[in-house]
Amino acid sequence: MYPFLKQLEDKKEYKLKEMYTLLANYFKLTEEDIEELLPSGKQTILHNRIGWARTYLSKAGLIKVVKRAVFKITDDGMKVLADPSITKIDKKFLCKYPSFNDFINKNEGEKEIPVKYINGEQTPLEIIGYNYNVLKNDMQDLLLEKILDCSPSFFERLIVELIVAMGYGGSVKDAGKAIGKSGDEGIDGIIKEDILGLDMIYLQAKRWKVDSTISRPEIQKFVGSLVGKKASKGIFITSSRFSKEARNYVDSIDKRVILIDGQELTDLMFKYNIGVANEEVYIIKKLDLDFFEE
């Protein structure tokens, strides 16, 4: 990661594919080195390592992503290069940056990386579980980026796919007719709670920027719409986040309203395979003692 950051010292913008060449030259890699593949055979080790170096440096705030696969060094990154005592960047070093810890521990509720993951004290199964979460966190961030790049109508279709995958809305066709068709009094759509349509759920979908916040008045408006429709259940989905006051308000009312923010949205997309596909599947085996009973 340090050589990666050093290449950006001129403060210019660089493309990821440029870094493949620059770092291959820096490490004096042979053609055989450059073409060496991961065990999966789906990507070169060089591209994989550089890709993760870019991700880690970005999450720590040492580089800034200008646009997809284009980035530049930040002021914090320049401070690192200006410090003669720093000659290496690893995960232990990056732990001093809160944004990096937030990324690594997004689904774990930890404030910083447990020491055992830094000192190599974890078991093989712990390593797999830990790195699975890192991969998942990165994928969720990429999903949010893609959602914001797409149109509002695509966001509505995404919600349809997700809700149906979760077992609501009847069929994609039924749910697709409901979403985005109402558009009055703060209601974006109406979906079936079950395949027979015994109960209905009202929906509001907001494709807002990740760093924006849905406040209490927005939720109150939605709840008011539920009252007007004599409905008891609603789902408010956003690509951003909800304020504490908004969540407290939902907890205090008699209507059943579920708030799904960007983090929860991508978590559900990950779980129900919406917008993602399996890259590798590893099955952990254990000894079947019953088999050996004589």
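To be clear, the structure that these remarks concern was listed above.
Structure report, in brief. Each chain has its residues counted from 1, running along the sequence as written. Local features in a predicted model are, by the rule used here, given only for residues with pLDDT of at least 70; side-chain atom pairs are given and counted only at 80 or more, and totals for whole chains, interfaces and linings are based on all residues. Side-chain numbers come from the whole structure's heavy atoms, not from hydrogens or water.

**Looking at the overall build of the protein**
Only DSSP runs of H or I covering at least 4 residues are called helices, and only runs of E covering at least 2 are called strands; the numbering of each starts at the N terminus. Scanning the protein from N- to C-terminus turns up 14 helices and nine strands. Across the 294 residues of the protein, 36% fall into the buried class. In this analysis, two residues are considered to be in contact whenever any of their non-hydrogen atoms come within 4.5 Å of each other. Sequence separation of 24 or more characterises 60% of the internal contacts of the protein that already satisfy a separation of 6 or more. Using a 1.4 Å probe, the Shrake-Rupley method yields the accessible areas, and only the shown protein chains count as cover for residues. Accessible surface, the protein as shown: approximately 18000 Å² in total, 52% of it carbon and sulfur. Each residue is placed in one exposure class: buried if its accessible area under a 1.4 Å probe, protein chains only, is under 20% of its type's maximum, exposed if it is over 50%, and partly exposed if it falls in between.

**Some points on the sheet that holds strand S4 (residues 189-192)**
A pair of strands is treated as paired once DSSP finds two or more bridges between them. A sheet is described by the order of its strands in space; here four strands give the open sequence S4-S5-S7-S9, paired in mixed fashion. If you trace the sheet from one side to the other, it starts and ends with S4 and strand S9 (256-260), each paired once. The sheet shows a mean angle of 25° between the axes of neighbouring strands, direction not considered. Summarising the sheet, strand S7 (residues 233-238) and S9 pair through five bridges and their orientation is parallel. Each residue of the ladder has a partner; that of Ile-235, found in S9, is Ile-258. Axis definition: a line fit to C-alpha positions, over the contact stretch in the case of helices; interaxial angles, taken between N-to-C directions, run 0 to 180 degrees. Packing against the sheet, helix H14 (residues 262-271) makes contact with S7 and S9, and its axis sits at approximately 85° to S9.

**Brief notes about the packing of aromatic side chains**
Between the rings of Phe, Tyr and Trp (Trp by its six-membered ring), a pair exists once the centres lie within 6.5 Å; its type follows the angle of the planes, with under 30 degrees stacked, over 60 edge-to-face, and the other angles tilted. Overall, the coordinates contain nine aromatic pairs when judged by the stated rule. Ring geometry for Phe-222 against Phe-236: centres 5.6 Å apart, planes inclined by 85°, an arrangement best described as edge-to-face. Taken as a pair, Phe-222 in helix H12 (residues 216-228) and Phe-236 in strand S7 lie far apart in primary sequence, 14 residues in all. Taken together, the ring pairs connect Trp-52, Tyr-56 and Phe-100 into an aromatic cluster.

**Brief notes about the pattern of salt bridges**
Salt bridges are defined as contacts in which a side-chain nitrogen from Lys or Arg sits within 4 Å of a carboxyl oxygen from Asp or Glu. Under the criterion given, the structure shown has seven salt bridges. For the salt bridge of Glu-9 with Lys-6, the shortest nitrogen-to-oxygen distance reads 3.1 Å. Of the residues examined, Glu-9 reaches a relative accessible area of 36% and is grouped as partly exposed. Here Lys-42 ties to Glu-280 by a salt bridge, and the two come within 3.5 Å at their closest N and O atoms. Of this pair, Lys-42 sits in the loop between helix H3 (31-35) and helix H4 (45-60) while Glu-280 sits in the segment after H14, and the two are 238 residues apart along the sequence. Residues joined by salt bridges that share partners form a network here, namely Arg-247, Asp-261 and Glu-264.

**So, the packing of helix H10 (residues 152-165) against H14**
The contact between H10 and H14 brings their axes to 10 Å, and the two run at 55°. When the axes of H10 and H14 are compared, the pair comes out oblique. As H10 runs across H14, the sense of the crossing is left-handed. Residues Phe-155, Leu-158, Ile-159 and Leu-162 of H10 touch H14, and the partners they reach there are Leu-265, Leu-268 and Met-269. Here roughly perpendicular refers to angles of 65 to 115 degrees, roughly parallel to angles under 35, roughly antiparallel to angles over 145, and oblique to all remaining angles. When the near helix sits turned anticlockwise from the far one by under a right angle, the crossing is termed left-handed; a clockwise turn instead gives a right-handed crossing.

**Observations regarding the environment of Val-164**
Among the secondary structure elements, Val-164 is positioned in helix H10. In this structure, the C-alpha to C-alpha distance between Val-164 and Tyr-272, residues 108 residues apart in sequence, is 9.9 Å.

**Describing the layout of surface pockets**
Its volume calculated, the second largest pocket comes out at about 430 Å³. Here a cavity means grid points, on a 1 Å grid over the protein atoms only, where a 1.4 Å probe fits yet cannot get out; a pocket means an open set of points with protein on both sides within 12 Å along at least five of seven lines; lining residues are those with an atom within 4 Å of a point. Taken together, 13 residues line the second largest pocket, and the ones lying closest to its centre are Lys-59, Asp-141, Leu-144, Glu-145 and Val-210. At four residues, the largest contribution of residues to the lining of the second largest pocket is made by helix H9 (residues 124-149). Residue classes follow a fixed rule: Ala, Val, Leu, Ile, Met, Phe, Trp, Tyr, Cys and Pro count as nonpolar, while Asp, Glu, Lys and Arg count as charged, and any other residue, Gly among them, counts as polar. Taken together, the residues that form the lining of the second largest pocket break down as four nonpolar, one polar and eight charged. Grid points are joined across faces, edges and corners, and a volume is the space filled by probe spheres set on the points.

**A word on a nonpolar patch on the surface**
Surface patches are drawn from residues lacking salt bridges whose relative accessible area is over 30%; two like charges belong together within 9 Å, two nonpolar side chains (Val, Leu, Ile, Met, Phe, Trp, Tyr) within 5 Å. A cluster of nonpolar side chains, Leu-125, Ile-128, Tyr-282 and Ile-284, forms an exposed patch at the surface whose accessible area comes to about 480 Å². Residue placement: Ile-284 occurs in the segment after H14.

**A short note on a negative patch on the surface**
Within this scheme the basic residues Lys and Arg register as positive and the acidic residues Asp and Glu register as negative, but His and the chain ends are omitted. Note on charges: their place is set at NZ of Lys, CZ of Arg, CG of Asp or CD of Glu. Judged by side-chain charge, Glu-31, Glu-32, Asp-33, Glu-35 and Glu-36 come together as a negatively charged surface patch. Structurally, Glu-36 is set in the loop between H3 and H4. The class for Glu-36 is partly exposed, based on a relative accessible area of 43%.

**Regarding helix H2 (residues 16-26)**
Buried within H2 are the following residues: Leu-16, Met-19, Tyr-20, Leu-23 and Ala-24. The buried residues of H2 occupy an angular sector of 125° when projected down its axis, which confines them to one face. Structural note: H2 exposes Lys-17 and Asn-25 on the side pointing more than 90 degrees away from its buried face. In the core, the buried residues of H2 are packed alongside helix H1 (2-7), strand S1 (14-15), H3, H4 and strand S3 (70-73). Where H2 terminates, the next one or two residues include Lys-28, which has phi positive at roughly 55°. Arc definition: it is the arc formed by the directions from the helix axis to the C-beta atoms.

**Looking at the pairing of S4**
On S4, burial follows the alternation: Gly-189 and Ile-191 on one face are buried, whereas Ile-190 and Lys-192 on the facing-out side are not. Of the pairings in the sheet, the one linking S4 to strand S5 (residues 200-206) comprises four bridges and is antiparallel in character. The residue of S5 that forms the bridge with Lys-192 is Met-200.

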